[in-house]
Amino acid sequence: MAHLKTRAEIEKIRAAGRIVYKAIHTAGCAVAPGVTTAKLEDIASQIISDSGGSSPFLGYAPNGHPPFPAWTCISVNNQIVHGIPGDYALREGDIVTIDCGVELNGWIADSAWTFPVGDISARASRLLQVTHDALFKGIAQAKPGNRMGDIGWAVQRHAETNGFSVVRELTGHGVGTTLHEGIQIPNYGRRGKGTPIQAGMTLAIEPMLNSGKKEIAVLEDEWTIVTADGSLSAHFEHTVAVTHSGTEILTNGE
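Position numbers for residues count from 1 along each chain, tracking the sequence in the order it is written. With pLDDT at 70 or above as the cut-off, local features in this predicted model cover only qualifying residues; side-chain atom pairs require 80 or more to be listed or tallied, and sums for whole chains, interfaces and linings still use all residues. Only heavy atoms go into the side-chain values, all of them from the structure, while hydrogens and water stay out.

## Some details on the overall build of the protein
Phase 1: Per the convention used, a helix needs a DSSP run of H or I reaching at least four residues, while a strand needs a run of E reaching at least two, with both numbered from the N terminus. If you tally the helices and strands in the protein, you get 4 helices and 14 strands.
Phase 2: Radius of gyration: over C-alpha atoms. The globule rule applied is 2.2 Å multiplied by the number of residues raised to the 0.38 power. Computed over its C-alpha atoms, the radius of gyration of the protein comes to 17 Å, within 12% of the 18 Å expected for a compact globule of 254 residues.
Phase 3: With the C-alpha coordinates aligned to their principal axes, the bounding extent of the protein is approximately 45 × 45 × 35 Å.
Phase 4: In this description, contact between two residues means that some pair of their heavy atoms is separated by no more than 4.5 Å. Contacts spanning at least 24 positions in sequence make up 70% of the contacts within the protein whose residues lie at least 6 apart.
Phase 5: Areas reported here follow the Shrake-Rupley algorithm with a probe of radius 1.4 Å; residue values treat only the protein chains shown as occluding. As displayed, the protein offers around 10400 Å² of accessible surface, 49% of which is attributable to carbon and sulfur atoms.
Phase 6: Asp and Glu are treated as the negative residues and Lys and Arg as the positive ones, with His and the ends of the chain left uncounted. Taken as the charge location is NZ of Lys, CZ of Arg, CG of Asp or CD of Glu. With 20 positive and 26 negative side-chain charges, the protein shows a spacing of 11 Å between the two charge centroids.

In C-alpha cells, the structure reads:
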C-alpha cells in the first residue's frame, strides 16, 4: 500500500510538481515543426536543474531494463510512453507527449501532456481532447470511499464512448519518495472494485488512449512502447493528493 501523506508531505510533492509543470509547459511552448525531441529534453532538463531538482527517470532501471538515458520521456505519434529524446525533428501534424518527473528534497511529482505540432488532423485533435478529459474524469473519482476501479471505469467509459481504446498493460501509480509507490491505477475497470482510496494517498493518474486498437509493442531499445497497429496515442497525467476536503492536483503549477 502507498504511504499516507501528511499535509506537510503533500506540500513537498506540490513543490516538486511546480517544477514539473514549468518544465513540461515551457518545453511545450517550443513544440513546432523542425524542433527535435532532444531540444525539448534540453529545455525541460535545464529548468529542472536550475530549480534545484533532479530527474527520477534518468538512470531508472526496473526489472533488468537498461538504465533510461534521459531526464524526460518524449513520445511522438504512435509512441505511447517512454520515448527516448533524440534527433527526430517534429513535423507538421505530429503529436508529441512530454512526460516529466521531478525529485526535489526527496519527494517526487510526475506529469505528462500531449501537444499538437502545428495543424493536426481532426482525429488527432479529438484524441487529445478525449484523453485530456478522461484524465479529469478519473481524477474526479479519486476520493475517499471510492476504489481504484472507479478511476479506471471513468477513464475507460469516456474513452470507449468516444471511439478510442485504452492501453491495458500500463497504469498510473502511487508516487511519493519513490517514483512508483505501492499501488497501481489501471485505466480500465469496474466500479467499486480494486484498492480502496484513502485520504493521504498521492497518485499519478495517467490515461493512455489509442486512436486504433489497444495492443502494444516494445521497440528494440527496450523502453519505447508503441501501438501495435501504428495508430496514434495520447497521454495526459497529473499527480494528485486525496484529502478529506477534496482531490488536489499537485502538478498544475499552483
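That covers the picture; the talk isn't over yet.
## Quick word on the sheet that holds strand 10 (residues 216-218)
Phase 1: Here a strand pair is declared whenever DSSP counts at least two bridges between the two strands. As summarised here, the arrangement of the 3 strands in space is 2-11-10, forming an open sheet in which the pairing is antiparallel. With partners counted over all chains shown, the strands left at the sheet margins are strand 2 (79-81) and strand 10, one partner each. When strand polarity is set aside, the average angle formed by the axes of neighbouring strands in this sheet is 40 degrees. Angles shown run from 0 to 180 degrees and are taken between the N-to-C directions of axes, each axis being a line fitted to C-alpha atoms and, for helices, limited to the stretch in contact.

## What to know about helix 1 (residues 7-29)
Phase 1: Helix length check: helix 1, at 23 residues, gives a terminal C-alpha distance of 32 Å against a target of 33 Å (1.5 Å per residue), a fit within 8%.
Phase 2: Taken as a whole, helix 1 has its buried residues at Glu9, Ile10, Ile13, Arg14, Ala16, Gly17, Ile19, Val20, Ala23, Ile24, Ala27 and Gly28.
Phase 3: Check the buried side of helix 1 and you find it contacts helix 2 (37-50), strand 3 (95-104), strand 4 (107-116), strand 8 (202-205), strand 13 (238-243) and strand 14 (246-249). Multiply 1.5 Å by the residue count of a helix minus one, and that product is the helix's expected span. We call a residue buried when its accessible area falls under 20% of the maximum for its residue type, exposed when it is over 50%, and partly exposed in between, using a 1.4 Å probe and counting protein chains only.

## Quick word on the packing of helix 1 against helix 2
Phase 1: For the pair helix 1 and helix 2, the least separation of the axes is 8 Å and the interaxial angle reads 150 degrees. As summarised for this structure, helix 1 and helix 2 are arranged roughly antiparallel, according to the angle between their axes. Here helix 1 runs over helix 2; the crossing is right-handed. Across the interface between the two elements, Ile19, Lys22, Ala23, Thr26 and Ala27 from helix 1 touch Leu40, Ile43, Ala44, Ile47 and Ile48 from helix 2.
Phase 2: For the contact of helix 1 with helix 2, the per-class residue count stands at 8 nonpolar, 1 polar and 1 charged. Here the angle decides the label: under 35 degrees means roughly parallel, over 145 means roughly antiparallel, 65 to 115 means roughly perpendicular, and every other value means oblique. It is the rotation of the near helix from the far one that decides the hand of a crossing: anticlockwise by less than a right angle makes it left-handed, clockwise makes it right-handed. Each residue is assigned to one of three groups, with Ala, Val, Leu, Ile, Met, Phe, Trp, Tyr, Cys and Pro labelled nonpolar, Asp, Glu, Lys and Arg labelled charged, and all others, Gly among them, labelled polar.

## Description of the pattern of salt bridges
Phase 1: Definition used for salt bridges: Asp or Glu carboxyl oxygen within 4 Å of a side-chain nitrogen of Lys or Arg. Under the definition given, this model contains 7 salt bridges.
Phase 2: Taking the shortest distance from any N to any O, the salt bridge between Arg7 and Glu248 comes out at 2.8 Å. Of the two residues, Arg7 is situated in helix 1 and Glu248 in strand 14; the sequence distance between them amounts to 241 residues.
Phase 3: By relative accessible area, Arg7 is classed as partly exposed at 40%.
Phase 4: Among the ionic pairs, Glu11 bridges to Arg14, the shortest N-O distance being 3.0 Å. Taken as a pair, Glu11 and Arg14 lie in helix 1 at a separation of 3 residues, close to a single helical turn.
Phase 5: Here Glu11 falls in the partly exposed class, since its relative accessible area comes to 32%.

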